[in-house]
Amino acid sequence: MHLFAVLPMHRGRTDRSGDFRLCSSRISKDIELHSAAKMTVLSIAISFVVLTLAGGGTATAQQAAQQQQAAPATPAAAQPAQPRTEGQPAQPAPAARGETDNAPADASPLLQQAEDQLDQADGELKRLADRVGAAADDDTLLAELKVQVDELSKQIISASVATRSRLDEIKARLAELGDAPGEGQPPEAAIVTEERKRLLAERGAINALTARAENLSVEARKLANGITATRRALFSNTLLKRTEVSVAMLSEAIATTADESRALWRSVSSWLTFAWNYKRIPFLTAIFLSLCGALIFLVGGYRLFSPFILQHEEQDEPTYFRQLSLAFWSTLIPTMALIAFATSSYFFLSSFNVLRPDIAPIIAVTLGMGVAVFFVTRLASAVLSPARSSWRLVRVSDRGARMLMVPIFAMVLVNGLDYLLGSISDSLGSPVLLTVAKSFLASIIIGLILMSMAWIRPTLRQDEPFDAPGRPWPRVISVSLLLLGAGLIAIAFAGYVGLARFIATQIIVTGAILVTMYIGILTGRSVSKQGAFAETVGGRYLERRFKLEQVGLDQIGLVAGLGIYALVALFFIPLILLQWGFQIADIESWVYRFVTEIRIGTITISLVGLLAGVLFFAIGFVLTRWVQRWIDGNVMARSRVDAGVRNSIRTGIGYIGVGLAGLIGLSAAGIDLSSLALVAGALSLGVGFGLQNIVSNFVSGLILLVERPFKVGDWIVSGTTEGFVRRISVRATEIETFQHQSIMMPNSLLINASVGNWTHRNKLGRSEISVTLSYASDPRRVIDVLHEIAAAHPMVLKNPAPNVGFTAFGDERMTFELRIYVADVLTAGNVRNDIRVSIYERFRDEEIGAPFPVKVEDTTPEEATPSDIEFAAAEEEKAEIQPEESETRRRSFGTRSSSR
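Residues numbered from 1 in each chain as written. Predicted model: local features only at pLDDT ≥ 70, side-chain atom pairs only at ≥ 80, totals over all residues. Heavy atoms only, no water.

What follows concerns the overall build of the protein chain. Across its full length, the protein chain carries 27 helices and 11 strands. Each of the 900 residues in the protein chain was classed as buried or not, and the buried ones make up 37%. The long-range fraction of contacts in the protein chain, counting pairs at least 24 apart against all pairs at least 6 apart in sequence, stands at 72%. Here the protein chain displays about 51,900 Å² of accessible surface, and carbon together with sulfur accounts for 62% of that area. (Helix = DSSP H or I, 4+ residues; strand = E, 2+ residues; numbered from the N terminus. Buried < 20%, exposed > 50% of the residue type's maximum accessible area, 1.4 Å probe, protein only. Contact = heavy atoms within 4.5 Å. Areas by Shrake-Rupley, 256 points an atom, 1.4 Å probe, with all protein chains shown as cover.)

If you want it as structure tokens, here you go:
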């Protein structure tokens, strides 16, 4: 239960007899039985001929044929007696009967192997039960034994599962043989009867073995549950053990403290004298190597991670992300370096045999206490930042930050000293009363410190500066601190000193770990925000080194955020579990189960298997693409194969390779492909009952999602429907028209029909503007002016360059068409409007023929003839139709891409 006893922990691993030895091979006996089977077939044939010719046989031709068919499939262990000759009585052979009696064991080495495994498992289970009874007071050893019991239970189940395939074979063979003939039915061949008996006996032996395995598994489960209950009771008894607190007890503890101090001085001085006189070189070498290790860890850590710490500290107005990053890394990196120094120090001192058994625990707890005090103090300094208010994560005043640092440091120091003094008492063999008195005093001091923190005035309002005097805590916080401190004192005076010490430790250490986790989570959330990673040191380096764009940096930032989450979970959650009484063996067992067998009902999921499946699929996919490129570039390119044939072969290879990679990945992931066959059968049945349209749309949706002929946001045209894709589901695709009408188009229509996509690979598009002029205009001058107008517009691309076409001769007008290219086809409408206005103004200024239909002059009724009236009406009708035709041509940009 001691926090700082984790460092010198040496766990003794018990030898596990989990791998069982296999039984010896029976190759020679199998050869003899195979030869005997051949003799059986020959003797049956001779018997049939002799009995038929003599007329004394009772078997019919049909029975003889059944005997001949059954004989090759009959094992040699069930061969019948030899046919009798003249002068020899008919009697069964003793050897054959003996082999039949022992048929299950001889015919199935797998069964004998399973029996041996269960025998060894039974003995191992009894041995573990004896060890559990002897280790009822050792929580660490109990955790180790529970892991061994769980592994033994898995081995028992695997021994039973190994016989299932043989049991299925026996059931299939018995189904082929059928039931034994009843009364009044023709008798069957003796060899068939013997084989049925042998199979039934073997099936009974397998069922008995399965029952035995189930019983052993139940016993192992009961033993594991008993270990869990024992550990729970041990933990509860340790915390809830009550000690009588009185003045006499405290007086006796004070008197014992002087004796312990003298004993400690004698032990330490004698150890130092012995180490200096007799272990001087190893002692100095261990100290030198420890200092070198500390120097390497500290210098290397700051040199590697200085961009996260030093450069941030130089800024006066940092962002919130930089504040979080500095608090997290400036706490984690030095703490990890100090842990490495403490571990290497203890390792070197122990490796050179400098430590004595009574001094080793004291050194270990001292090093652990130093790490814990540094960690909590560094974390508090990073969060409160008493010297620099611009890096402070919580809004408290400067004076409040400095005042909060004092009680936090005092609490962690008192807690660490309590564990150190307790370790000294254990090493020197001091009375338990002295340890209880020290813990009692530490609990009282920590409770008083918590109560004193309630009177600090650190909070600020949003509009107050950091150098303001500060305000009291919110009532909830101040009352919680008072109740928590008073509760610790009350529990200690009630005699539950162990519970008080446990609560005090969790307040300090677990609270510090939770704060660090929260800072790490906030850091991961900040770095994964859009545009945040580009502002970091790593983001700027990657952008400069690899020329990454904003999208790539955001994706890397997302991965970095997920990595920080994983680091926080993998590092800090085990620390919290260790603080709350769990052992390392428990954590290892949980991690192993989480990785290998996640049970959801009757389904077992293995993360390792899933990762292996994904890895195999990725390897297969990469190999498929490589084979495609190699065949296309090296084989077909040299064979002058038609481009269409090359594309077909390349596509076919891709489908075959991806399909095989998918099957290999599913098999590696442990997914039973027979379940997929059941799903396919159910789907086929549903299609047969009228689900053709649903299945067609579903499959079409999958094709659209995989091939991506268009994506969300593309401008597509299909039949009379034109608009933007807003959502692609497995049944239908949502298209929003230019009138903001949402159309749900079934996916099968988009697969079977031609689909034009204006923004398939890019948004580059061409737009046409039609201009109509009278024959009085100069065509070359018109073409030059249109070129100048297009070149002057900033949104018209220079490459491809705009061009002008003289498209048609009309009855009284010429038609020109200006073709321009824009980077974003969605902006083509605004560009056309701007160019039309420019054309009108330029033609008006240069007095070029009006770019619109000529108005027909009115004539008086007396002067107008019927032909003139008809001509004027026709001209007016053309004038009305011409704008509609021009607008129709404007919307015809050209075909971009299509999808079937």
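Don't stop here, the text continues.
The next subject is the side chain of aspartate 150. Looking at the secondary structure, you find aspartate 150 in helix H6 (residues 139-161). What makes aspartate 150 buried here is its relative accessible area of 14%. Ignoring sequence-local partners within four residues, the contact set of aspartate 150 consists of Ala224, Ser589 and Arg593.

A word on the pattern of salt bridges. Close approach of charged atoms lets side chains of opposite charge pair. On inspection of all chains with the given rule, the structure shows 27 salt bridges. Between arginine 842 and glutamate 846 there is a salt bridge, with the nearest N and O atoms lying 2.6 Å from each other. Among the ionic contacts, a cluster of salt bridges with common partners joins Arg166, Glu169, Arg198 and Glu202. (Salt bridge = Lys/Arg side-chain N within 4 Å of Asp/Glu carboxyl O.)

Attention shifts here to helix H16 (residues 497-527). The end-to-end C-alpha separation of H16 is 45 Å, in line with the 45 Å expected for 31 residues at 1.5 Å each. Of all the bends in H16, the greatest measures close to 30° and is centred on glutamine 506. (Expected span 1.5 Å × (residues − 1). Bend = angle between axes of the 7 residues up to and from the residue.)

A few words on the side chain of aspartate 418. Structurally, aspartate 418 can be placed in helix H13 (residues 398-428). The exposure class assigned to aspartate 418 is buried, which follows from its relative accessible area of 7%. In contact with aspartate 418, other than residues within four places in its own chain, are Lys438, Ser439, Ala442 and Arg501.

Interpreting fine coordinate detail is not advised for predicted regions of low pLDDT. On average, residues of the protein chain score 76 in pLDDT, and 77% of them reach the 70 mark or higher. Here residues 854-874 is modelled with pLDDT under 50, and outside its nearest four sequence neighbours on either side it reaches 7 contacts, counting other chains as well. (pLDDT = per-residue confidence, 0-100.)

Where helix H5 (residues 109-134) contacts helix H8 (residues 190-240), the two axes come as close as 11 Å, and the packing angle between them is 20°. Here H5 lies roughly parallel to H8, going by the angle between them. The crossing of H5 and H8 is left-handed. Across the interface between the two elements, Leu111, Ala114, Glu115, Leu118, Asp119, Asp122, Leu125, Leu128, Ala129 and Val132 from H5 touch Ala205, Ile206, Leu209, Arg212, Ala213, Leu216, Glu219, Ala220, Leu223 and Ile227 from H8. Across the contact of H5 with H8, the residue classes break down as 15 nonpolar, no polar and 5 charged. (Axes fitted to C-alpha atoms, helices over the stretch in contact; angles between N-to-C directions. Parallel < 35°, antiparallel > 145°, perpendicular 65-115°, else oblique. Left-handed = near helix turned anticlockwise from the far one by under 90°. Nonpolar A, V, L, I, M, F, W, Y, C, P; charged D, E, K, R; others polar.)

A few words now on the packing of aromatic side chains. Per the stated rule, a full pass over the model turns up 14 aromatic pairs. Pairwise contacts between aromatic rings join Trp715, Phe724, Phe738 and Trp758 into one cluster. Over the face of the ring belonging to phenylalanine 466 we find arginine 395, whose NZ or CZ atom lies 5.2 Å from the ring centre. (Phe/Tyr/Trp six-rings, centres within 6.5 Å; stacked < 30°, edge-to-face > 60°. Lys NZ or Arg CZ within 6 Å of the ring centre and 35° of its normal.)

With that settled, consider the environment of valine 568. Summarising the element assignment, valine 568 is placed in helix H18 (residues 550-579). Residue classification places valine 568 among the buried residues on the basis of a relative accessible area of 2%. Distance from valine 568 to isoleucine 513, taken between C-alpha atoms, is 10.0 Å for residues 55 residues apart in sequence.

Further remarks concern the sheet that holds strand S10 (residues 813-822). Taken together, 3 strands build an open sheet; the order of strands is S8-S10-S9 and the sheet is antiparallel. On the outer flanks of this sheet lie strand S8 (765-774) and strand S9 (803-809), each paired with one strand and no other. Strand-to-strand twist of the sheet, defined as the mean angle between neighbouring strand axes without regard to direction, takes the value 25°. Note: S8 against S10, 10 bridges, orientation antiparallel. By the bridge assignment for S10, leucine 773 is matched with methionine 814. Helix H25 (residues 779-792) contacts S8, S9 and S10 of the sheet and is inclined by roughly 25° relative to S10. Across the sheet, helix H26 (residues 828-845) is in contact with S8 and S10; its angle to S8 comes to roughly 25°. (Pairing = 2+ DSSP bridges.)

Quick look at helix H11 (residues 320-351) now. For H11, with 32 residues, the first-to-last C-alpha span of 46 Å sits near the 46 Å given by 1.5 Å per residue. Just downstream of H11, asparagine 353 is the residue with a positive phi angle, here 55°.

On to the nonpolar core, then. Among the nonpolar cores identified, the biggest contains 63 residues, and Ile446 and Ile519 are the most heavily contacted of them. Looking at this core, the elements that each hand over two or more residues are H11, helix H12 (360-384), H13, helix H14 (432-453), helix H15 (475-493), H16 and H18. Among all residues touching isoleucine 446, those that are not within four sequence positions of it are Met411, Val414, Asn415, Leu488, Arg501, Ala504 and Ile508. Leu118, Leu125, Val132 and Ala224 belong to the second largest nonpolar core, which has 30 residues in total. (Core = buried A, V, L, I, M, F, W, Y, C linked by side-chain atoms within 4.5 Å.)

So, on to a nonpolar patch on the surface. Among the surface-exposed residues, Phe698, Val699, Leu702, Ile703, Leu705, Val706 and Val730 lie close enough to one another that they form a single nonpolar patch of about 570 Å² accessible area. Structurally, the position occupied by valine 706 is in helix H23 (residues 692-707). The exposure class of valine 706 is exposed, given its relative accessible area of 68%. (Patch = residues over 30% accessible without salt bridge, like charges linked within 9 Å, V, L, I, M, F, W, Y side chains within 5 Å.)

We now examine the packing of H12 against H16. Two elements in contact, H12 and H16, have axes separated by 10 Å at closest approach and are oriented at 45°. Considering their axes alone, H12 and H16 lie oblique with respect to each other. In this structure, H12 meets H16 at a crossing whose hand is left-handed. Contacts from Phe375, Val376, Leu379 and Val383 of H12 reach H16 at Ala512, Ile513, Val515, Thr516 and Ile519. When the residues that make up the contact of H12 with H16 are grouped by side-chain class, the tally is 8 nonpolar, 1 polar and no charged.

Let's shift gears to the pairing of strand S6 (residues 742-746). A regular strand places its side chains on the two faces of the sheet in alternate fashion. When strand S5 (residues 732-737) meets S6, the two strands line up antiparallel, connected through 5 bridges. Within S6, the residue paired with isoleucine 735 across the bridge is isoleucine 743. Hairpin connection from S5 to S6: 4 residues lie between these consecutive antiparallel strands, with histidine 740 at a positive phi of about 65°.

Peptide bonds are, in most cases, trans, and in most cases residues other than glycine have a negative phi. In this model, asparagine 799 is joined to proline 800 through a cis peptide bond whose omega is 5°. Looking at the secondary structure, you find proline 800 in the loop between H25 and S9. Even without being a glycine, serine 385 presents a positive backbone phi close to 45°. Here serine 385 shows up in the loop between H12 and H13.

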